[in-house]
Amino acid sequence: MKQRNIFGFSSALFAVFLFIAIPIAGAQTETPAAPAAPAASLANPTIQIDKTEIDNGGVITVTGTAPAGLPVYLEVWASEKTVRTNRFDNKKDPKTGQIPYIFYLTYDMPAYYKIFVPTDMKGALDEIKAKGKAWKYSEALKALGADVVYTVPGKMKIDRYKATIMASIIGSRGDLLEPMDPEENRQRSMQLVQVRFKSVDKLLGADVDVKPDGTYTAQVKIRSGLAPGKYEIVAFAVDKKEGGKPIVLKSDSVTFENKISFPVMYLSTAGTSLNIIWPFLLALVVSIFGVLMGAGGGFILNPLLVTIFPLPHTVVAGTVMPTVLFAQGSGIYNYSKIKFINWKLGAGIGSAMLVGGFIGPKLTELITLDQFKFVFGWILLVLAALMFWQTTPGYLAKNKKEQAILKEFKKRAEESAKAKG
Amino acid sequence: MKVEFWGHEFQANMIVGCTGGFLIAIMSSMFGFGGGPFMVPLMTVGMRLPMYIVVGSSLLAIFFNTLMGTIRHYQFGNFDLLFFLIMFPAALIGGYVGPQIAKRLSPTIVKRVACAGLILLALKLLGLY
């Protein structure tokens, strides 16, 4: 059977983006937990940038002066564009021994977020990178002393749902739980940040060169393919007191804008900019090949899309699926014209598939990108085995007979349709 | 269940059909591919139905799944309109050009090439190279 991968389906724009209100309180002294801190002698760092506009990425030189001898951190984030991020917590809690089954969801994740740490922490950063996929963002922040400057995502609004097996079966997210207290919200936000950005390099960089007199420079490299719009940078100087709470000195925030122009476009649900020509060409080649091999293009297109482009698997699955709707619809119409569909059989199995289709998309949310790739890998192996079986001599001989009957019936069907028309 | 098709009567095992269809539908909607290549063997081998009844009817069954999967993905906010609009014309052209090329190629060879490609892609996804 040839299932063509033609696109169809109209839709309304689906992009509910909440903007984070970022309180830009001028220069101020912040201490995370203890208020009255005697910081009178220390001035807040200053900050300047060399340009306020970049074109689909670029390098921004940040300079300024901080109190001498203190490490300087930069927090950089996209203040205009946010993306949806979710995480399903099904890891056993080491303390209680129970599996929480809680689904965390936020719409406020900045489309870009990175903390730049002083260059002399490069060694510590490399140690974190050496851990590979087992790295933990919260531990890394602590190791670099950057946990006190982690500010913006900590204030995201995060919804949590208690997922139950029953709720997942009927395809609901579960019961919405009470909002978390600020400290827990902050901790959970770090996990979500890691889910969203994954790699150490995307979240942390040792690029702030601090001189002994307190002046600092940093080359903030904004890679291509990021969200357009306004970005903000804030510099922090951290005075670690022996035994006490560290004093965090915060600069004003400076703003620059990332501009993108056609054919680079921003995919709002995915939170990345892409040169749209590449996915277009890929979809074209894959759908032609899909027709040739007699399997929908989704089998090849989806894994390639999540491997080549920084797209979330949920968006890939949710966007490729509707593309075959029209192809299937027109196929059904053509077959029904020549009475080549048994409605009882099709609708009977279809009703079971309707239930399956109701549950599946929910499960996409619950798995991580790595699990998605892993299962998809096995599905492809099964498909490859099926394909190979269809090229074995025994199958071919049987198929030849079947195809002859199919042709004969089609001819008869078409003739009778003509005779009636 | 008895199924009548073009003057012939067939005995269709709906328990096999519905269980298999249900599982294929979950996978297909979860990972966003069409279930055709799995549905056809299920109905021909699993339910012992002849090919000519399967082609049209399996398409109808899959359509149910695609429709529901699309609605659910949309509900969960997994649908990106712009991304869809990029791929829509590509697949449209592909669906038109594909059959033209298919006429000139041996399906057996294409399937063997596809088979090798799928294994390579699968190993890549499983992180084996």
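Note that the structure is predicted; figures quoted are calculated from it, not measured.

**Focus: the overall build of chain A**
Then, in step 1: Along chain A, the regular secondary structure elements total twelve helices and 16 strands.
Then, in step 2: Classification of the 421 residues of chain A by burial places 41% in the buried group.
Then, in step 3: If you take every contact in chain A between residues at least 6 apart in sequence, the share linking residues at least 24 apart comes to 74%.

**Some details on the domain arrangement of chain B**
Then, in step 1: When cut into domains, chain B gives domain 1 (1-79) and domain 2 (80-129).
Then, in step 2: Computed over C-alpha atoms only, the centres of domain 1 of chain B and domain 2 of chain B are separated by 21 Å.

**Considering unusual backbone geometry**
Residue and element names in this part refer to chain A.
Then, in step 1: Residues Phe262 and Pro263 are joined by a peptide bond in cis, for which omega reads 5°.
Then, in step 2: Mapped onto the secondary structure, Pro263 falls in the loop between β14 (247-259) and β15 (264-267).
Then, in step 3: For Tyr101, which is not glycine, the phi dihedral falls at a positive 50°.
Then, in step 4: Note that Tyr101 resides in the loop between β6 (82-89) and β7 (102-110).
Then, in step 5: Residue classification places Tyr101 among the partly exposed residues on the basis of 17 C-beta atoms within 10 Å.
Then, in step 6: At Lys198, a residue that is not glycine, the phi angle is positive and equals roughly 60°.
Then, in step 7: Looking at the element boundaries, Lys198 is found in the loop between α4 (182-197) and α5 (200-203).
Then, in step 8: Judged by the 17 C-beta atoms lying within 10 Å of it, Lys198 is partly exposed.

**Quick word on the domain arrangement of chain A**
Residues and elements named next belong to chain A.
Then, in step 1: Considered domain by domain, chain A is made up of domain 1 (28-259) and domain 2 (268-389).
Then, in step 2: Computed from C-alpha atoms alone, the centre-to-centre distance between domain 1 and domain 2 is 36 Å.
Then, in step 3: If you look at the interface, domain 1 gives 13 residues, while domain 2 gives ten residues.
Then, in step 4: Those elements giving two or more residues to the side of domain 1 that touches domain 2 turn out to be β6 and α3 (165-169).

**Let's talk about the sheet that holds β7(A)**
Consider a sheet: its strands pair through backbone hydrogen bonds, and that pairing is either parallel or antiparallel.
Residue and element names in this part refer to chain A.
Then, in step 1: Sheet architecture is open: four strands sit in the order β6-β7-β9-β10, paired in antiparallel fashion. The outermost strands of the open sheet, each flanked by one partner alone, are β6 and β10 (175-176).
Then, in step 2: The pairing of β6 with β7 spans seven bridges and is classified as antiparallel. From the neighbouring strand, Phe88 faces β7, where its bridge partner is Phe103.
Then, in step 3: Against the sheet, α4 makes contact with β6, β7 and β9 (158-162), and its axis sits at roughly 105° relative to β6, the strand it touches most.

**Details of the pairing of strand β8 (residues 113-118) of chain A**
Residue and element names in this part refer to chain A.
Then, in step 1: With respect to burial, β8 is a largely interior element, five of its six residues being buried.
Then, in step 2: For strand β5 (residues 72-78) and β8, the ladder comprises four bridges, and the chain directions are antiparallel. In the strand pairing of β8, Glu75 is matched with Ile115.
Then, in step 3: Bridge analysis of β8 against strand β11 (residues 204-210) gives four bridges, and the strand direction is parallel. In the strand pairing of β11, Pro118 is matched with Val208.

**What about the interface of chain B and chain A?**
Then, in step 1: With 85 residues of chain B in contact, the opposing surface of chain A contributes 97 residues.
Then, in step 2: Counting residues per element, the ones that place at least two in the side of chain B that touches chain A are β1 (2-5), α1 (14-31), α2 (36-46), α3 (51-75), α4 (81-102) and α5 (107-125) of chain B.
Then, in step 3: Per element, the largest residue contribution to the side of chain B that touches chain A is 22 residues, and it comes from α3(B).
Then, in step 4: Partitioned by chemical class, the residues of the side of chain B that touches chain A number 59 nonpolar, 21 polar and five charged.

**Re the packing of helix α8 (residues 313-323) of chain A against α4(B)**
What describes two packed helices is the angle between their axes and the distance between those same axes.
Then, in step 1: Two elements in contact, α8(A) and α4(B), have axes separated by 10 Å at closest approach and are oriented at 40°. Classified by the angle between their axes, α8(A) and α4(B) sit oblique to one another. At the point where α8(A) passes α4(B), the crossing takes the right-handed sense. Where α8(A) abuts α4(B), its residues Val315(A), Thr319(A), Pro322(A) and Thr323(A) lie against Phe83(B), Phe84(B), Met87(B), Phe88(B) and Ala91(B).

**As for the confidence of the model for chain B**
Residues and elements named next belong to chain B.
Then, in step 1: On average, residues of chain B carry a pLDDT of 87, and 98% of them reach 70 or more.
Then, in step 2: For chain B, per-element mean pLDDT is lowest for β1, which scores 72, and highest for α1, which scores 93.
Then, in step 3: The ipTM assigned to the predicted complex is 0.91, against a pTM of 0.81.

**What about α1(B)?**
Then, in step 1: The terminal C-alpha atoms of α1(B), which comprises 18 residues, lie 25 Å apart, in line with the 26 Å expected from a rise of 1.5 Å per residue.
Then, in step 2: Residues of α1(B) that are buried include every one of Gly17(B), Gly20(B), Gly21(B), Ile24(B), Ala25(B), Ile26(B), Ser28(B), Ser29(B), Met30(B) and Phe31(B), and no others.
Then, in step 3: Close packing links the buried residues of α1(B) with α7 (298-308), α8, α10 (343-366) and α11 (369-389) of chain A together with α2 and α3 of chain B.
Then, in step 4: Where α1(B) terminates, the next one or two residues include Gly32(B), which has phi positive at roughly 75°.

**Let's talk about the pairing of strand β13 (residues 229-239) of chain A**
All names here are of chain A.
Then, in step 1: Sheet analysis places β5 next to β13, joined by seven bridges and oriented antiparallel. Looking at the pairing, Ala78 lines up with Tyr231 of β13.
Then, in step 2: The sheet contact formed by β13 and β14 spans ten bridges and is antiparallel. Bridge assignment links Tyr231 to a residue of β14, and that residue is Phe256.

Thresholds, definitions, all that
Residues numbered from 1 in each chain as written. Chains lettered and ligands numbered in written order. Predicted model: local features only at pLDDT ≥ 70, side-chain atom pairs only at ≥ 80, totals over all residues. Helix = DSSP H or I, 4+ residues; strand = E, 2+ residues; numbered from the N terminus. Buried ≥ 20, exposed ≤ 12 C-beta atoms within 10 Å, placed from the backbone. Contact = placed C-beta atoms within 7 Å. Domains from an automatic or database assignment. Pairing = 2+ DSSP bridges. Axes fitted to C-alpha atoms, helices over the stretch in contact; angles between N-to-C directions. Nonpolar A, V, L, I, M, F, W, Y, C, P; charged D, E, K, R; others polar. Parallel < 35°, antiparallel > 145°, perpendicular 65-115°, else oblique. Left-handed = near helix turned anticlockwise from the far one by under 90°. pLDDT = per-residue confidence, 0-100. Expected span 1.5 Å × (residues − 1).

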